[in-house]
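Spelled out, the chains give:
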Amino acid sequence: MTSGVGLSPQGKSFNMLAIIESWEEEGSYYEDSTGQFLFILLLKVGLNCLVLSMCLRWLHTSFMGVCGLSVFLVDVLLLCAVAAVWFLGSARSPVSICFLLAHASAVFNALPLPMLGLGLLDYASEPRYTTCHDAPCRDLWNYALTLLVWVLAGVHSCCSAVTTLLEVEYEGGRNALGCTVQESVFVVHFSVGISVAICCVMLLHYKQMPLWLKETNRLSVQRDKVNPMLQSHLRFRYAKLQQLGGDEDEQKALSVETERQRPPLYLSLTLDFGTTWASYLVMCIACELLGLAVPAYISINLLWLEFANSVLVGLVFWLKND
């Protein structure tokens, strides 16, 4: 349903053509793609619901979480609007499907950079609010910033969205009406850049990886030898050193050896992040290599926001504890 991908005049996003209607000159063929757009948006809302069910209790505690809630609500509204256009038909609907898709892609395309920037500032300044992290003023501030981001994105949409239908003629006598929608280049470059960074970190330490994995397995075996009752509660997660067996000299030597063989913090964070998000990164790279252009109103979803949130949390944690 999309074609004609090219660089936009602004140079900040790629434009593609969403095919709204297609027909043949003889009149033997006609297709309205509104139902297909409705199905795609329904899939996106379903994905958002799945992600929301796993992290709902934490979403209101940070700016990125509030942004995730707002994206979910806007997706539901967009789904309802497209469903109304499909149900009423283009003749009776007050707005066209092209108007909805063009403005939706422009709005979503303007969201990633300000959300990530404000989210990074929110996590970096969090220690100042440790005594009132759940205070109403903190929540109101996050909601106000989120609303401001959406208002600015709406202004950007009014200035950049193109709602005029374009007619395309294909070989063989087939014609189509298309609508210009935007692809978020920032999301693509961000995902690919994170993938490249993970690969570089792994290549930088590939010689030490077997040793660290061996040390991890050894510590895991020693931990399993501890009394199981000490592992039944989180506060007893770490057993005392003397409970691992051996005299004090062995314990000190083991502690020094473990400290020496422990991987750097940034590498541990990179391994954890890469393991968690490997499938998502592979999907993003595959789409880029295959040339599959995804509109901004699809690529920017709750899953991508959780992915970006993990990057921000890991980065801030590393900077504050390194």
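One can find the structure itself at the top, above this paragraph.
Starting afresh in each chain, residues are numbered from 1 along the sequence in its written order. In view of the model being predicted, local features appear only for residues whose pLDDT reaches at least 70, and side-chain atom pairs are presented and counted only at 80 or more, with totals across whole chains, interfaces and linings using the full set of residues. In computing side-chain values, all of the structure's heavy atoms are included and hydrogens and water are not.

**Considerations on the packing of helix H4 (residues 112-124) against helix H6 (residues 185-204)**
At step 1: To obtain an axis, a line is fitted to C-alpha atoms, over the contacting stretch when the element is a helix, and the angle between two such axes runs from 0 to 180 degrees between their N-to-C directions. Helix and strand assignments come from DSSP, with helices taken as H or I runs of at least 4 residues and strands as E runs of at least 2, each series counted from the N terminus. Viewed as axis vectors pointing N to C, H4 and H6 meet at an angle of 50 degrees, and their least axial separation amounts to 9 Å. When the axis of H4 is compared with that of H6, the two are oblique. Taking contact as the criterion, the partners of Pro112, Leu113 and Leu116 in H4 are, on H6, Phe186, Val187 and Phe190.
At step 2: Of the residues belonging to the contact of H4 with H6, the class tally is six nonpolar, no polar and no charged. Our angle categories are set so that under 35 degrees counts as roughly parallel, over 145 as roughly antiparallel, 65 to 115 as roughly perpendicular, and the remainder as oblique. Residues count as neighbours in contact if any of their non-hydrogen atoms are within 4.5 Å of one another. Under the convention adopted here, Pro, Cys and the residues Ala, Val, Leu, Ile, Met, Phe, Trp and Tyr are nonpolar, Asp, Glu, Lys and Arg are charged, and Gly plus all remaining residues are polar.

**Overview of the state of the cysteines**
Working definition: the covalent bond between the sulfur atoms of two cysteines is a disulfide.
At step 1: Any two cysteine sulfur atoms lying within 2.5 Å of each other are counted as a disulfide. What the rule picks out here adds up to one disulfide.
At step 2: Sulfur-sulfur distance for the disulfide between Cys98 and Cys179 comes to 2.3 Å. Its S-S torsion of approximately 80 degrees makes the covalent link between Cys98 and Cys179 right-handed. Here Cys179 lies in strand E5 (residues 174-183) and Cys98 lies in helix H3 (residues 97-109), a separation of 81 residues in the sequence. Grouping residues by exposure puts Cys98 and Cys179 together as buried. Type-normalised accessible area, obtained with a 1.4 Å probe on protein chains alone, sets the label of each residue: buried when under 20%, exposed when over 50%, and partly exposed for intermediate values.

**Focus: the pattern of salt bridges**
At step 1: Take a side-chain nitrogen of Lys or Arg and a carboxyl oxygen of Asp or Glu: if they are within 4 Å of each other, that pair is a salt bridge. Inspection of the entire model under this criterion finds one salt bridge.
At step 2: Residues Asp75 and Lys44 are paired through a salt bridge, measuring 2.9 Å at the closest nitrogen-oxygen approach. Placement of the pair is Asp75 in helix H2 (residues 63-88) and Lys44 in helix H1 (residues 34-59), with a sequence separation of 31 residues. Of the two residues, Asp75 and Lys44, both sit in the buried class.

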